[in-house]
Amino acid sequence: MKKTATKATAKQPATKYIFVVGGVMSGVGKGITSSSIACVLQARGLKVTAMKIDPYINVDAGTMNPTEHGEVFVLKDGLETDQDMGNYERFLNADMPSINYMTTGSVYQSVIEKERNLEYGGRNVEVVPDIPLEVIRRIKQAAHVAAADVVLIEVGGTVGEYQNVLFLEAIRMMKTEQPENVAVVMVSYLPVPTAIGEMKTKPTQTAVRMLNSAGVFADMIICRSSVPVDQKRKEKVATFCNVRVENVISSPDLQSIYDIPLNYEEDNLSSQLLTILCLKSKKPTDLKAWKQFVKQSKNGVDTVKIAVVGKYFNSGDFVLSDVYISVLEAIKFSAYKLNLKPEITYLSSQDLADRKQLKKLNAFDGILVPGGFGTTGIEGKLNVIEYARKQEIPYFGICYGMQLMVLEFAKHVLRLKNASTEEIDPTASHLVIGIMPEQREKIAKREMGGSMRLGQYPAKLKSGSVAAKAYKATEVLERHRHRYEVNPDYIERLKAAGLRFSGASPDGTLMEIAELPVEEHPFFVGVQFHPELQARPLAPHPLFTAFIKAAYESK
Ligand code: GLN
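Residues numbered from 1 in each chain as written. Predicted model: local features only at pLDDT ≥ 70, side-chain atom pairs only at ≥ 80, totals over all residues. Heavy atoms only, no water.

### A closer look at helix H12 (residues 325-337)
Okay, so step 1: For H12, with 13 residues, the first-to-last C-alpha span of 18 Å sits near the 18 Å given by 1.5 Å per residue.
Okay, so step 2: Most of H12 is tucked away, with 11 of its 13 residues classed as buried.
Okay, so step 3: Those residues of H12 that fall on the buried side of the exposure criterion are Ile325, Ser326, Val327, Leu328, Glu329, Ala330, Ile331, Phe333, Ser334, Ala335 and Tyr336.
Okay, so step 4: Positioned one or two residues after H12, asparagine 339 has a phi angle of 60°, which is positive. (Helix = DSSP H or I, 4+ residues; strand = E, 2+ residues; numbered from the N terminus. Expected span 1.5 Å × (residues − 1). Buried < 20%, exposed > 50% of the residue type's maximum accessible area, 1.4 Å probe, protein only.)

### What to know about the sheet that holds strand E18 (residues 453-461)
Sheet strands associate in pairs through backbone hydrogen bonding, adopting either a parallel or an antiparallel arrangement.
Okay, so step 1: If you walk across this open sheet you meet the nine strands as E13-E10-E14-E15-E23-E22-E21-E18-E19, and the pairing is mixed. The two strands at the open ends of the sheet, each matched to only one other strand, are strand E13 (341-348) and strand E19 (475-482). Going across the sheet, the axis of each strand differs from the next one's by a mean of 25°, ignoring polarity.
Okay, so step 2: Sheet topology places strand E21 (residues 500-504) next to strand E22 (residues 511-515); four bridges connect them, and they run antiparallel. (Pairing = 2+ DSSP bridges. Axes fitted to C-alpha atoms, helices over the stretch in contact; angles between N-to-C directions.)

### Regarding the site of the ligand
Okay, so step 1: Taken together, Gly371, Gly372, Phe373, Cys399, Tyr400, Gln403, Glu423, Arg481, His482, Arg483, Tyr484 and His530 make up the full set of residues near the ligand.
Okay, so step 2: In this structure, a nitrogen atom belonging to the ligand sits 2.9 Å away from a main-chain N or O atom of arginine 481.
Okay, so step 3: Arginine 483 places a polar main-chain atom, nitrogen or oxygen, 3.0 Å from an oxygen atom of the ligand.
Okay, so step 4: A total of 290 Å² of accessible area belongs to the ligand in isolation, and the protein chains cover 99% of it.
Okay, so step 5: Elements with a contribution of two residues or more to the shell around the ligand: helix H14 (400-412) and E19.
Okay, so step 6: Here the residues of the shell around the ligand sort into four nonpolar, five polar and three charged. (Near = heavy atom within 4 Å. Polar contact = N/O pair within 3.5 Å; in protein donor to acceptor, adjacent residues only side chain to side chain. Areas by Shrake-Rupley, 256 points an atom, 1.4 Å probe, with all protein chains shown as cover. Nonpolar A, V, L, I, M, F, W, Y, C, P; charged D, E, K, R; others polar.)

### Side note on the pattern of salt bridges
Should the charged atoms of two oppositely charged side chains come close, the side chains can pair.
Okay, so step 1: The final tally for this structure, using the stated rule, is 40 salt bridges.
Okay, so step 2: For arginine 137, the salt bridge goes to glutamate 134, with nearest N and O atoms at 3.0 Å. With arginine 137 and glutamate 134 both in helix H5 (residues 127-146) and three residues apart, this pair spans about one turn of that helix. (Salt bridge = Lys/Arg side-chain N within 4 Å of Asp/Glu carboxyl O.)

### Things to note about the packing of aromatic side chains
Okay, so step 1: Counted by the stated rule, this structure contains 13 aromatic pairs.
Okay, so step 2: Residues phenylalanine 293 and phenylalanine 333 carry aromatic rings whose centres are separated by 6.0 Å and whose planes lie at 70° to one another, so their mutual orientation is edge-to-face. You can see phenylalanine 293 sitting in helix H11 (residues 288-297) and its partner phenylalanine 333 sitting in helix H12, a full 40 residues away along the chain. The same class applies to phenylalanine 293 as to phenylalanine 333, namely buried.
Okay, so step 3: Seen in terms of ring centroids, phenylalanine 396 and phenylalanine 544 are 5.1 Å apart; in terms of plane orientation they differ by 80°. Their pairing is edge-to-face. On the criterion of sequence distance, the pair formed by phenylalanine 396 in strand E15 (residues 395-398) and phenylalanine 544 in helix H18 (residues 542-553) is long-range, its members being 148 residues apart.
Okay, so step 4: A connected cluster of aromatic rings, assembled from ring pairs, spans Phe91, Tyr258, Trp290, Phe293, Phe333 and Tyr336.
Okay, so step 5: The ring of tyrosine 457 has arginine 453 sitting right over it, with the charged end atom 4.3 Å from the ring centre. (Phe/Tyr/Trp six-rings, centres within 6.5 Å; stacked < 30°, edge-to-face > 60°. Lys NZ or Arg CZ within 6 Å of the ring centre and 35° of its normal.)

### A short note on the packing of H11 against H12
Okay, so step 1: Between H11 and H12, the shortest axis-to-axis distance is 9 Å and the interhelical angle comes to 85°. If you check the angle between H11 and H12, you find them roughly perpendicular. Contacts between H11 and H12 pair Phe293, Gln296 and Ser297 from the former with Phe333, Tyr336 and Lys337 from the latter.
Okay, so step 2: Class assignment of the residues belonging to the contact of H11 with H12 gives a composition of three nonpolar, two polar and one charged. (Parallel < 35°, antiparallel > 145°, perpendicular 65-115°, else oblique. Contact = heavy atoms within 4.5 Å.)

### So, the side chain of lysine 30
Okay, so step 1: Note that lysine 30 resides in helix H1 (residues 30-42).
Okay, so step 2: At 2.7 Å, the side chain of lysine 30 and the backbone oxygen of valine 155 are in polar contact.
Okay, so step 3: Excluding residues within four positions of it along the chain, lysine 30 makes contact with Val20, Val21, Gly22, Glu154, Val155, Gly156, Gly157 and Val187.

Following this line, the structure appears as structure tokens:
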């Protein structure tokens, strides 16, 4: 193992690595915990980057059904990742590069490629150590790319699962290699069973033992619970789980996830981590901007009611909102910026195929149709868009929501009977939305994974348009994830009928933004890209802000 990359020199202190693992059960907010730790360390003036390791065989998150896995978050350089990468970007207010995300599948893929390229010099390539070594190589590479003082690595899954054993092995190997530079944080859950009324620590003790059996020892335990962890239980956890009591952090359920970094600092989390890692702080915790944002998020008196119409909300008896998490957060950031209280309602597009249901849209100040794929719920979405256009309810369409907005316009304003998108009905006589030429070849060859038009691309905006006014710019960079586009053969006809294409790729071929002028509609804008992926608490997205503002004003 090469040691040079991480060795401290006189000028440059060694990079520190914090691994975050989960105990007891999933779904306790390990991603938000990791993001919040990163946030408070950044507030100490340190350069922090955050990574996620996902245990599944999928090479990236792009091929997974959102109802199984939640939102697919697209990084600037185009990798399709887990939604936690979005949390890191939001909490750190920074773009994460694709080296910061890996899955079991992608790690095995690299190792097998290297083996095929004879990079192992003819030796036996084995699961251990070669898989953990590739994990470690990537972690160090991420540290190098970010020139990070601290790298935070969240290990997906829960200790005790067969799936993440090799990642625990990577932690063990790194800790042996450089014990002073590696810290392990376990995020646990302390239930308070209603029948007992007392907070129980035993599941955490068991989880710690499982972690220890993999040769990994926790330096800090973050105790998630419905209520704060009292001193008595902190002491119990410390004694039975082998950590110092000051490294047992209480992490109760809070009103908002954005309160968490502030709550951590009440338990001196950043100072404790710096002590564990023998790392000097560059300044006292400075969370001024964050506090200001949190304060403003609670200031709003007037509400703005937004309906998000999607097809992925229903899952058995439960409603999933994780699928559109970046969209929901983007709405909130812009509402907060405008001192408004957002009230977001999830409407299932399948239900809105019944036109009688459309009247319920009158209760909302704005309607948003987010990205999506395939046929399910299309009729409902088209109905909603037509209703929003005719009733002059502010409408914001994202990706599929823009394509369907153009299709609705073609059907009802241009009166193109039997118009469709090639994604749904390739035999329709008017394919107003068509497949991008390079995508046609990929689909023919079944090259489906990671092959859409992905990541950041520039768009040129028409000055004076709704979009350009919102951005206060005429050139923007936005992230994409699509295979279809507005069919160039229909652009002139759509324009002649009154639809404006206010943003396009720099060569003018690909329509990036469609809108109606303000004289005709308070806000009717669709974008081919995903602005939600770049909306941040400390930097709300200008298009979302314009949409929310129009929604509030047209109340
Ligand atoms: N299904 C559409 C396409 O592939 C839209 C994708 C999306 O909304 N992300 O072009």
